[in-house]
Amino acid sequence: MFTETDINELEMKKNKLEKRDIDLIISDFDDTIFCTREAIESDVRKWRRWNEWNQYIVDTIWIKNFIDMFYVDKDFPTTITSKLRENHDLILTAWYEDIQEEKIKSCKLNHINYRIVSNPEEKILETIKYIVEHLKFIPNKITVYEDRPKYFIDYKNFLEDFFEIDIDIMLVEMEWNNYIPKIKKIED
């Protein structure tokens, strides 16, 4: 996931940062902000998983067509997005960068800072980098919204110790985009 060298370099930078009395919200995109169920249940996704699905989108139906079919002009709940602050909070999502970026743009969320990683396990290191290299201060708290929070759960204690702050992890369950998602705090 990340090396000791990665952490040592970031820790040296982190030690120079001030702590501020402001929280940070980090949210996943797929099935956290926008429900992917319509695309998953369509013929486009049929029997295809992860990279095979991404390759099919890129090579066969094309990203623009995919985005037009499943994302453009679609309503979705603003439960999480209404909390996200421009130039501060973060949409942190994974998988194929070109597709993810177009999804975010089509939902008119590209004014919010976002980062796209290749795999979900990279979200922890990207969180540290975002705070240390982009925010350049340590927030007093982080709230994470995720439909699959495994890595944030696994590294919660590490992140809390590294930044000396509290982290709340919120499990998000979406059924469709026309329903308000269920959000539940993961207790330690």
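Residues numbered from 1 in each chain as written. Predicted model: local features only at pLDDT ≥ 70, side-chain atom pairs only at ≥ 80, totals over all residues. Heavy atoms only, no water.

**Some thoughts on the environment of Ile-61**
Here is step 1 of the chain: Tracing the chain through its elements places Ile-61 in helix H3 (residues 50-61).
Here is step 2 of the chain: Taking the C-alpha atoms as reference points, Ile-61 and Ile-183, 122 residues apart in sequence, are found 34 Å from one another. (Helix = DSSP H or I, 4+ residues; strand = E, 2+ residues; numbered from the N terminus.)

**A short note on the environment of Asn-140**
Here is step 1 of the chain: The residue Asn-140 is located in strand S4 (residues 138-146) in this model.
Here is step 2 of the chain: As a C-alpha pair, Asn-140 and Asp-166 span 26 residues in sequence and 7.4 Å in three-dimensional space.
Here is step 3 of the chain: Look past the residues within four positions of Asn-140 in its chain and what remains in contact with it is Arg-20, Asp-21, Ile-22, Asp-23, Ile-165 and Asp-166.
Here is step 4 of the chain: Within the structure, Asn-140 has its side chain in polar contact with the side chain of Asp-21 (distance 2.7 Å).
Here is step 5 of the chain: At 3.3 Å, the side chain of Asn-140 forms a polar contact with the backbone nitrogen of Asp-23. (Contact = heavy atoms within 4.5 Å. Polar contact = N/O pair within 3.5 Å; in protein donor to acceptor, adjacent residues only side chain to side chain.)

**Notes on the side chain of Ser-27**
Here is step 1 of the chain: With respect to the helices, strands and loops of the structure, Ser-27 is situated in strand S1 (residues 19-27).
Here is step 2 of the chain: For Ser-27, a relative accessible area of 1% gives the class buried.
Here is step 3 of the chain: The residues contacting Ser-27, other than those within four sequence positions of it, are Thr-32, Ile-33, Ile-80, Leu-90, Ile-91, Leu-92 and Tyr-145. (Buried < 20%, exposed > 50% of the residue type's maximum accessible area, 1.4 Å probe, protein only.)

**So, unusual backbone geometry**
Here is step 1 of the chain: Unlike most non-glycine residues, Trp-95 shows phi in positive territory, near 105°.
Here is step 2 of the chain: Tracing the sequence through the fold places Trp-95 in the loop between strand S2 (90-94) and helix H5 (97-106).
Here is step 3 of the chain: For Glu-164, which is not a glycine, the phi torsion comes out positive at approximately 55°.
Here is step 4 of the chain: Here Glu-164 is to be found in the loop between helix H8 (156-163) and strand S5 (166-173).
Here is step 5 of the chain: Taking the relative accessible area as the measure of exposure, Glu-164 reaches 62% and is therefore exposed.

**What to know about the sheet that holds strand S6 (residues 182-185)**
Here is step 1 of the chain: Strand order in this open sheet of 6 strands is S3-S2-S1-S4-S5-S6, and the pairing throughout is mixed. A single partner strand is all that each edge strand has here, and the edge strands are strand S3 (113-117) and S6. With direction set aside, neighbouring strand axes in the sheet form an average angle of 25°.
Here is step 2 of the chain: As paired elements, S1 and S2 share 2 bridges and run parallel to each other. Bridge assignment links Ile-26 to a residue of S2, and that residue is Leu-90.
Here is step 3 of the chain: Across the sheet, helix H6 (residues 123-135) lies against S1, S2, S3 and S4, angled at about 145° from S3, the strand it touches most.
Here is step 4 of the chain: In the packing of H8 onto the sheet, the strands contacted are S1, S4 and S5, and the crossing angle to S5 comes to about 145°. (Pairing = 2+ DSSP bridges. Axes fitted to C-alpha atoms, helices over the stretch in contact; angles between N-to-C directions.)

Coordinates in, geometry out; function isn't part of it.
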